[in-house]
Amino acid sequence: MKYTELDTPSLLIDKSRLLRNLADMQRYADENGAALRPHTKTHKCPEIAKLQLETGACGIAVAKTGEAEVMAQSGIRNIFIANEIVGDLKLRRIAKLAADGVTISFGVDTPCQAESAERVFAEAGVCVPVLIEIEVGENRSGIIEEADFLALLDTIGRCPHVPFGGIFSHDGNSYNTENRQTLETLSEGAQRRTLHFADLAAKHAMPCKTVSYGATPTFMNHVKILPGITELRPGTYALMDASQGHAIGTLDRCAATVLASVISKPTETRTILDVGAKGLTMQSRTEGICATPGKGTIYGRENVPVEKVFDEHAILNDKSFHDSVQVGGEVRIIPVHICSVCNLYESACLIDGDDVVGELPLACREKLQ
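Conventions used here
Residues numbered from 1 in each chain as written. Predicted model: local features only at pLDDT ≥ 70, side-chain atom pairs only at ≥ 80, totals over all residues. Heavy atoms only, no water. Helix = DSSP H or I, 4+ residues; strand = E, 2+ residues; numbered from the N terminus. Rg over C-alpha atoms; globule rule 2.2 N^0.38 Å. Buried < 20%, exposed > 50% of the residue type's maximum accessible area, 1.4 Å probe, protein only. Contact = heavy atoms within 4.5 Å. Polar contact = N/O pair within 3.5 Å; in protein donor to acceptor, adjacent residues only side chain to side chain. Pairing = 2+ DSSP bridges. Axes fitted to C-alpha atoms, helices over the stretch in contact; angles between N-to-C directions. Salt bridge = Lys/Arg side-chain N within 4 Å of Asp/Glu carboxyl O. Expected span 1.5 Å × (residues − 1). Disulfide = S-S within 2.5 Å.

## Observations regarding the overall build of the chain
Step number 1: Check the secondary structure of the chain and you find 12 helices and 18 strands.
Step number 2: The C-alpha radius of gyration of the chain comes to 22 Å, within 12% of the 21 Å expected for a compact globule of 369 residues.
Step number 3: When its C-alpha atoms are laid out on the principal axes, the chain stretches across 70 × 45 × 35 Å.
Step number 4: The proportion of buried residues among the 369 residues of the chain is 55%.
Step number 5: Of the contacts formed within the chain by residues at least 6 apart in sequence, a portion of 70% connects residues at least 24 apart.

## Comments concerning the side chain of glutamine 52
Step number 1: Position of glutamine 52 among the secondary structure elements: in helix H2 (residues 46-55).
Step number 2: Polar side-chain contacts of glutamine 52 include one of 3.0 Å to the side chain of tyrosine 237.
Step number 3: Leave out the neighbours within four places in its chain, and glutamine 52 touches Leu22, Gln26, Pro38, Thr40, His43, Ala57, Tyr237 and Ala238.

## Thoughts on the sheet that holds strand E5 (residues 103-108)
Step number 1: The parallel open sheet is built from 8 strands, whose spatial order is E2-E9-E8-E7-E6-E5-E4-E3. What marks the edges here is a single partner per strand, and that holds for strand E2 (35-36) and strand E3 (60-62).
Step number 2: Note: E2 against strand E9 (residues 231-232), 2 bridges, orientation parallel. Paired with alanine 35 across the two strands is glutamate 231, which belongs to E9.
Step number 3: Each of strand E4 (78-84) and E5 touches helix H4 (residues 88-99); the most contacted strand, E5, lies at about 150° to it.

## Here's the deal with unusual backbone geometry
Step number 1: A cis amide bond links threonine 8 with the next residue in sequence, proline 9, at an omega value of -5°.
Step number 2: Position of proline 9 among the secondary structure elements: in the segment before strand E1 (10-14).
Step number 3: At lysine 44, a position not held by glycine, the phi torsion is positive, near 60°.
Step number 4: In this fold, lysine 44 is placed in the loop between E2 and H2.
Step number 5: Owing to a relative accessible area of 8%, lysine 44 belongs among the buried residues under this scheme.
Step number 6: The backbone of alanine 205 sits at a positive phi, close to 65°, despite the residue not being glycine.

## Things to note about the environment of phenylalanine 149
Step number 1: Among the structural elements, phenylalanine 149 can be located in helix H6 (residues 146-157).
Step number 2: Judged by relative accessible area, phenylalanine 149 falls into the buried class, the value being 0%.
Step number 3: With residues up to four places along the chain from it excluded, the contact list for phenylalanine 149 reads Ile132, Ile134, Ile143, Ile167, Phe197, Leu200 and Ala201.

## Looking at the pattern of salt bridges
Step number 1: Inspection of the entire model under this criterion finds 16 salt bridges.
Step number 2: The salt bridge involving aspartate 100 is made with lysine 96; its shortest N-O contact spans 2.9 Å.
Step number 3: For lysine 96, a relative accessible area of 53% translates into the label exposed.
Step number 4: In this structure, arginine 365 and glutamate 366 form a salt bridge, with 3.3 Å as the shortest nitrogen-oxygen distance.
Step number 5: For arginine 365, a relative accessible area of 18% translates into the label buried.

## Some remarks on helix H1 (residues 15-31)
Step number 1: For H1, which comprises 17 residues, the first-to-last C-alpha distance of 24 Å matches the rise-based estimate of 24 Å (1.5 Å per residue) to within 8%.
Step number 2: Listed as buried for H1 are Arg17, Leu18, Asn21, Leu22, Asp24, Met25, Gln26, Tyr28 and Ala29.
Step number 3: Of the surrounding elements, those touching the buried residues of H1 are E1, E2, H2, helix H8 (216-220), E9 and strand E17 (347-352).
Step number 4: In the segment just after H1, glycine 33 is the residue with positive phi, at about 70°.

## Some thoughts on the state of the cysteines
Step number 1: Taken as a whole and judged by the stated rule, the model has 0 disulfides.
Step number 2: A disulfide-free cysteine, cysteine 58 has its sulfur positioned 16 Å from the sulfur of cysteine 208, the nearest such atom.
Step number 3: For cysteine 58, a relative accessible area of 31% corresponds to the partly exposed category.
Step number 4: Here cysteine 159 is not disulfide-linked; the sulfur of cysteine 127 is the nearest cysteine sulfur, at 11 Å.
Step number 5: Exposure remark for cysteine 159: the relative accessible area of 6% places this residue in the buried category.

## Here's the deal with the pairing of strand E18 (residues 355-361)
Step number 1: As paired strands, E17 and E18 are joined by 6 bridges and run antiparallel to one another. Bridge pairing in E18 links isoleucine 351 to valine 356.
Step number 2: Between the antiparallel neighbours E17 and E18 lie 2 residues, among them glycine 353 with a positive phi of about 65°.

So, to be careful, I would describe these as geometric facts and stop short of saying anything about function.
Written out as structure tokens, the structure is:
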């Protein structure tokens, strides 16, 4: 079957680009002496996660407890939830995963999180390690002050069912850096701050087993990883998207596209496609090395952006594109941000050239809890 025979909109994943991306990132991690733990919140697909493990990854990261459960049900047994966990309901689910033999861990940045986990895990008779998140400039979650870090270490030290596994950080602010030079500077600062907290833990007699660091733009640009970082945690690299493509100066690594049909040409310049916010998202990137025009880019036509999206419509205003397509014809769109797009489709079609060679269930989609 040719992908042009599929109904639209459909999510396509190019097999050769996917495999190249997996191999290149694994090689980069190996060359820097770090383990690779891919963040699977990007693709939400157990089959792709298994490919990452087969390529050499030490385990996977997820964002949600529900994602961890799906991945575990698919046979993946080494999972880090790279997020803070609160609430007994989620903690009991994590306890069950641990009781079932899954090597599971999760993030904390506040003493009460460790204390709640200790109570629940003691009742369940399991031990689950935690990693402390370090804030390195993204202005999101994570420890900022040294005193808070040491206090959290002391709390964890009093929780025998919540052993200290290490620390993790994410330099998401790398997406807004201006160029390669500023990206390298930011990355070095983020890594040094992460390693500083690892040193604090060691001096506090609680050395880190894992020092995990994440950010796809950093790794795709092959920024040097400092000694002491033991694990890399990229996500978007597997599929890439238009914003990540702009960060490395080419779109030829983008493995994921959305197949859409031309449904209207109401003016001499305007073209309407049958996918909108419900298939592409409303997200955009307007700053830094990841800046991307519009709400998506036409595959093979890098200068033609999707100008606007409604719920079910994409709007393009480009005379040359308008004149090159017919109503009923199909085009492919490179999304601005693939992580959100994968959450909108039940499955993706794996393609090799023009041929559909498989279907990939996105089994972790909508696992928000």
